[in-house]
Amino acid sequence: MSSGAVRKVPLRESLAVQGRVLGALLIREVITRYGRHNIGFLWLFVEPMIFTLGITALWSATKSVHGSDLPIAAFALTGYSSVLMWRNMPGRTIGAIKGNSALLYHRNIKPLDIYLARVLLEAGGASISFMALSILFIATELIEPPEDILSVAAGWLLLAWFGAALAIALGTLSYLSELVDKFWHPFSYLLFPLSGAAFLVSALPPRFQEIVLYLPMVHGVEFVREGYFGSKTVAIYDLSYLIVFNLVLSVVALMFLRYVSRRVVPG
């Protein structure tokens, strides 16, 4: 082989390199965000737990009505935890490339790696919070154990997929325009009451059911609740709609990412 020939790197070796890159970025992100003092990285899941517990206490104190006889703790757990999953991811990817452009001087670090590290960190924090609070609420008999834990896991992964695709799409768009950051935060708060976190779709009038079911995260929340509460609730969802939406959003996000990756200038 001539000295000028390009060596082909085996897929396994490439995956190992990318795994190390992601691991290093994850550690860097944890240290940068939470530091080395006090409880450090434990804030990764303690913070969403505090938010969820706060919502549970607020809804319980105000005797909130959610269209079923399920306990408020159950609604806060399955509803607000899912909101933290899809809403927090874009908040961490918006502006991420501009703030970490110096990392792109390293040949093995690409914009996708920066996004994936942040998405995985948010997904991990929300998931640990969800599991920890589930164990706590079940142990204190606030709720009963899930009737179908596999459905809960599948619904949770679909919500994580939606959040990740949305985060990468908005993250890349934010590199092109600062308006994304300004509009996303108020828009995400407006989406919260429509996301299925605080109501059952079956409790809404038929016309409103049609409207909220256009929102993909509603299908994920309904599926998670069906897995959790099963016969105690009537869930209305269409998994094929959520999966197709996630696929289309993922393709769009990767197209945006490819466009932006060609224009990123390491800073």
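The preceding data block contains the structure.
Notes on the structure follow. Given the structure is predicted, the values throughout are model-derived calculations rather than measurements.

Basis of the calculations
- Residues numbered from 1 in each chain as written.
- Predicted model: local features only at pLDDT ≥ 70, side-chain atom pairs only at ≥ 80, totals over all residues.
- Heavy atoms only, no water.
- Helix = DSSP H or I, 4+ residues; strand = E, 2+ residues; numbered from the N terminus.
- Buried < 20%, exposed > 50% of the residue type's maximum accessible area, 1.4 Å probe, protein only.
- Contact = heavy atoms within 4.5 Å.
- Areas by Shrake-Rupley, 256 points an atom, 1.4 Å probe, with all protein chains shown as cover.
- Phe/Tyr/Trp six-rings, centres within 6.5 Å; stacked < 30°, edge-to-face > 60°.
- Lys NZ or Arg CZ within 6 Å of the ring centre and 35° of its normal.
- Axes fitted to C-alpha atoms, helices over the stretch in contact; angles between N-to-C directions.
- Parallel < 35°, antiparallel > 145°, perpendicular 65-115°, else oblique.
- Nonpolar A, V, L, I, M, F, W, Y, C, P; charged D, E, K, R; others polar.
- Salt bridge = Lys/Arg side-chain N within 4 Å of Asp/Glu carboxyl O.
- Expected span 1.5 Å × (residues − 1).
- Left-handed = near helix turned anticlockwise from the far one by under 90°.

Some remarks on the overall build of the protein
Right, so step 1: Across its full length, the protein carries 10 helices and 0 strands.
Right, so step 2: Secondary structure elements of the protein, listed N to C terminal, follow the sequence α-α-α-α-α-α-α-α-α-α.
Right, so step 3: Scored against the burial criterion, the 267 residues of the protein give a buried share of 45%.
Right, so step 4: Here the contacts in the protein between residues at least 6 apart in sequence split such that 76% fall between residues at least 24 apart.
Right, so step 5: Counting only carbon and sulfur atoms, one obtains 68% of the accessible surface of the protein, whose full area is about 14,400 Å².

Describing the packing of aromatic side chains
Right, so step 1: Considering all chains together, one arrives at 9 aromatic pairs under this definition.
Right, so step 2: An aromatic cluster is built from Trp-86, Phe-162, Tyr-241 and Phe-245, whose rings are joined through pairwise contacts.
Right, so step 3: The ring of Tyr-189 has Arg-87 sitting right over it, with the charged end atom 4.7 Å from the ring centre.

Overview of the packing of helix 3 (residues 72-93) against helix 7 (residues 179-191)
Right, so step 1: Relative orientation of the contacting elements helix 3 and helix 7 amounts to 180 degrees, with a least axis distance of 11 Å. When the axis of helix 3 is compared with that of helix 7, the two are roughly antiparallel. Seen from helix 3, the contacting residues are Trp-86, Arg-87, Pro-90 and Gly-91; seen from helix 7, they are Trp-184, Ser-188, Tyr-189 and Leu-191.
Right, so step 2: A class-by-class count of the residues in the contact of helix 3 with helix 7 yields 5 nonpolar, 2 polar and 1 charged.

Points about the pattern of salt bridges
Right, so step 1: In this structure the tally under the stated criterion is 5 salt bridges.
Right, so step 2: Measuring nitrogen to oxygen at the nearest pair gives 3.4 Å for the salt bridge that ties Glu-29 to Arg-118. Separated by 89 residues along the polypeptide, Glu-29 in helix 1 (residues 11-34) and Arg-118 in helix 5 (residues 111-139) bring together distant segments of the chain.
Right, so step 3: Assessed through its relative accessible area of 15%, Arg-118 is described here as buried.
Right, so step 4: The salt bridge partner of Glu-210 is Arg-207, with a shortest N-O separation of 3.1 Å. Separated by 3 residues within a single helix, Glu-210 and Arg-207 lie in helix 8 (residues 206-212), roughly one turn from each other.

As for helix 9 (residues 216-229)
Right, so step 1: Over its 14 residues, helix 9 runs 20 Å from end to end, which matches the ideal 20 Å to within 8%, given 1.5 Å per residue.
Right, so step 2: Gly-230 occupies a position one or two residues after helix 9 and carries a positive phi of about 50 degrees.

Concerning the packing of helix 5 against helix 6 (residues 149-176)
Packed helices, taken two at a time, are described by the angle their axes make and the gap between the axes.
Right, so step 1: Contact pair helix 5 / helix 6: the axes reach a minimum separation of 10 Å and the direction vectors enclose 145 degrees. You can see that helix 5 and helix 6 cross each other, and the crossing is right-handed. Residue-level contacts link Leu-112, Tyr-115, Val-119, Ala-126, Ser-127 and Phe-130 of helix 5 to Val-152, Trp-156, Ala-164, Ala-167, Ile-168, Gly-171 and Thr-172 of helix 6.
Right, so step 2: A class-by-class count of the residues in the contact of helix 5 with helix 6 yields 10 nonpolar, 3 polar and no charged.

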